[in-house]
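Survey of secondary and tertiary structure
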Amino acid sequence: MYCDVLVIGNGIAGSVAALHLAERGQRVTLVTKGDTLLETNTAYAQGGIVFRGADDIPQALFEDIMCASSGSSSVRSARLLAYVGPLLVKRLFIDFLGIPFDRRPDGSWDLFREGAHSRRRILHVKDYTGRVIQQALNQRIAHHPLIEVKTGFFALDLIISSFHAQEFRFRYAPRECLGAYVLDKKKREVIPMIARATIVATGGLNQIYEYASGGPWNTGDGIAMASRAMAHLVNMEYVQFHPTLFYSSHPSNSFLVSEAVRGEGGELVDSQGKPFMYRYHPLGSLAPRDVVARAIFEHLENTQSRCVYLDLYRRVAPERIVTVFPGIYEELLRYNLDITKEPIPVVPGAHFLCGGILTDTWGWTNIRRLYAVGEVACTGLHGANRLASTSLLEGLTFGYRVAKTLWRERDDFSYPLVLPWEEKVGNPPPPSVLEGLKEMVRMNMWKYSGLIRRHEGLAHAREIFLQLKKETVALREKYGVSAEMVELENMIESALLVTESALRNPVSCGTHFRADSLSS
Ligand code: SIN
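Residues numbered from 1 in each chain as written. Predicted model: local features only at pLDDT ≥ 70, side-chain atom pairs only at ≥ 80, totals over all residues. Heavy atoms only, no water.

The next thing to look at is the nonpolar core. One finds Phe93, Leu158, Ile199 and Phe465 to be the most contacted residues of the largest nonpolar core, which totals 151 residues. Each residue touching Phe465, except ones within four places of it in the same chain, is listed here: Met440, Val441, Asn444, Met445, Ile492, Ala495, Leu496 and Thr499. (Core = buried A, V, L, I, M, F, W, Y, C linked by side-chain atoms within 4.5 Å. Buried < 20%, exposed > 50% of the residue type's maximum accessible area, 1.4 Å probe, protein only. Contact = heavy atoms within 4.5 Å.)

See the structure below:
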C-alpha cells in the first residue's frame, strides 16, 4: 500500500501532525493499534496544558522547565516551547478547535497550579482535559477528507531502505525510512505501507513497570521499532515517576491522581495524617516530581508501609472537590472511597519517558524520512525530569512543527519496491504465558530499574531481560507474529534500553537516581 505521509499513533502529537498536514492539502494515513481513537495517553491526561498565567512571561516558564530538570533540558527546545507553545494553544486549541477550557465567573481562565511551576498557568477542563482534547481532535480527523484513519493496525517494524528495499543501490546509500510493516489485526495480514515520510507518535513505555499511570497500550512499541531500525535513542534512563497513583493491591487498578490535586491544596501525609514532604524539600508536596516521587518511595521503605495518603478532604471544601475533580471523585467512588470524607491512598508509578528517539525541534531523526514526535521522541525538552503539564503542550507544539516541516519541504519521492513480509501471522501465545513474562518485566523493572537504582541490581535485571529476549525468539517461532507477541517483545526491548542506559550512567540527575554513586 502506498501512502504520502504515514502517521503511527493518534495521541495529541500524531493527531495534531495529521490534522495540520491535511489542512495544508497533504494526504495522511493515520494508523493506530487501538480499536478506537480514544486509546491514547492523551485521553488519560487529567491536569491540563500549560498556557500563560495572569502575571506570566515566557522567560518564567522557560526557567521553570530548566529548574525542574536541574538544568539538563535542551535550552533551544525549552525556549521554543515556552515562547511558541502558549501561542499555539491559543491559535489551534482555543480558536480553531474551540476546546472549552474552564473559566472563572468573571470570564478569566481558571488556571491550575502544579508542582515546580512558579505560578498558576495550566488550562484545564475539570480533571479530564486530555479526554476533551482527544475527542475534539478525533472529530476533526474522522471527518477530514485527506486523512485515512485505520484503527486496529499495529505497526510491527519500520521499513528501512538498507534492510528492506529490493534495489541494491539503497544498500550503499544513507538509510531512509520507507514506511512500516503494519499488521491488520482483524484480517491478520501484514501490509507493507510505503510512505514518503513516516511519523512515529506512539507514546511511551510505562507498562514495563508494576505501577503505571498510562493505559495498557504503553508497551514501548515506537521505541523498540526505532531501536531495531538503528535510530538514535537518548536519555533512556530518565523515566519519570508520577508521585500519586491511586494505590490498590492490584496494580492494574491503579490510576493517576492529578498533581493539580496538590496544586489545589491537597497535602501528602503519612498513615498518622502528618505531612512529611517538608522534610525533603522546601516546596513540600509541590516540589518537583522526581523529588516527591523519591521521597514517597523512601518514606515507604523506611516505614515499611504500602502507601502514603493524599489529604484533600481536610483542606479543600467538598463542593470544590466535586466541582473541580469530578473524574477522580467518581472513579474513586467505584472503589468505595469518598475523597470528600477520607484521604486517598497513593504510591508513585511510572508516568513518562523523558528520553526517546533523538530529534531536532522539527521532528527530524538521524534516519531520512523518519520523524518522531510526542513522548516517543526526545528533543531534549524535558532533560532528566519533565515539568508538570508540559506533555500536552509538547505534543501540540512539536506535532505542529513536524507537519510544518513536511508541508514546506515536500520532495519528489518515487516509491521503491520493498521486501514482502515473510513471517506467518499466528495466534498469540496463551495468556498465562504472556502475562507471566510481562509480570517478570514489570517486577524486575520496578525493583531494580525504578525510582532508586544500584549497579548490582541493574546488572541483574539486564541479565533477566536478555534471557527473556531469548525466550521470546522461541515463542515467536512457535506461535508466529501477533500484536500481543510483538508488544511483549517491545516491552522487553524497552526494559533493556532503560536498564542499559541506567547502568551506563552512574551520575544521579532528575528522575535517574543511582543510590550507589555520584550526584551531578
Ligand atoms: C497530572 O495531572 O498530574 C499529570 C500531568 C502531567 O503529567 O503533566
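Scanning the model with the defined rule gives five cavities of 30 Å³ or more in all. Space inside the second largest cavity adds up to approximately 40 Å³. If you go around the second largest cavity, the residues you meet are Thr359, Asp360, Gly363, Ala372, Val373, Gly374, Ala377, Thr379, Glu394 and Phe398. Looking at the lining of the second largest cavity, its residues break down into four nonpolar, four polar and two charged. (1 Å grid on protein atoms, 1.4 Å probe; cavity = no way out; pocket = protein on both sides within 12 Å on 5 of 7 lines; lining within 4 Å. Points joined across faces, edges and corners; volume = space filled by probe spheres on them. Nonpolar A, V, L, I, M, F, W, Y, C, P; charged D, E, K, R; others polar.)

The next thing to look at is the site of the ligand. Around the ligand, the neighbouring residues are Gly47, Glu114, His242, Leu256, Ser258, Glu259, Arg289, His351, Arg386, Ala388 and Ser389. His242 has a polar side-chain atom sitting 2.7 Å from an oxygen atom of the ligand. One of the backbone N or O atoms of Ser389 is found 2.5 Å from an oxygen atom in the ligand. Protein burial of the ligand: of its 260 Å² of free accessible surface, 95% is covered by the chains. Its residues assigned to classes, the shell around the ligand shows two nonpolar, five polar and four charged. (Near = heavy atom within 4 Å. Polar contact = N/O pair within 3.5 Å; in protein donor to acceptor, adjacent residues only side chain to side chain. Areas by Shrake-Rupley, 256 points an atom, 1.4 Å probe, with all protein chains shown as cover.)

Let us look at the environment of Met440. Mapped onto the elements, Met440 comes out in helix α13 (residues 431–448). For Met440, a relative accessible area of 35% corresponds to the partly exposed category. When the C-alpha positions of Met440 and Ile464 are compared, they lie 8.5 Å apart, and in sequence the two are 24 residues distant. Ignoring any residue separated from it by four or fewer positions in sequence, one finds Met440 in contact with Ile464, Phe465 and Leu468. (Helix = DSSP H or I, 4+ residues; strand = E, 2+ residues; numbered from the N terminus.)

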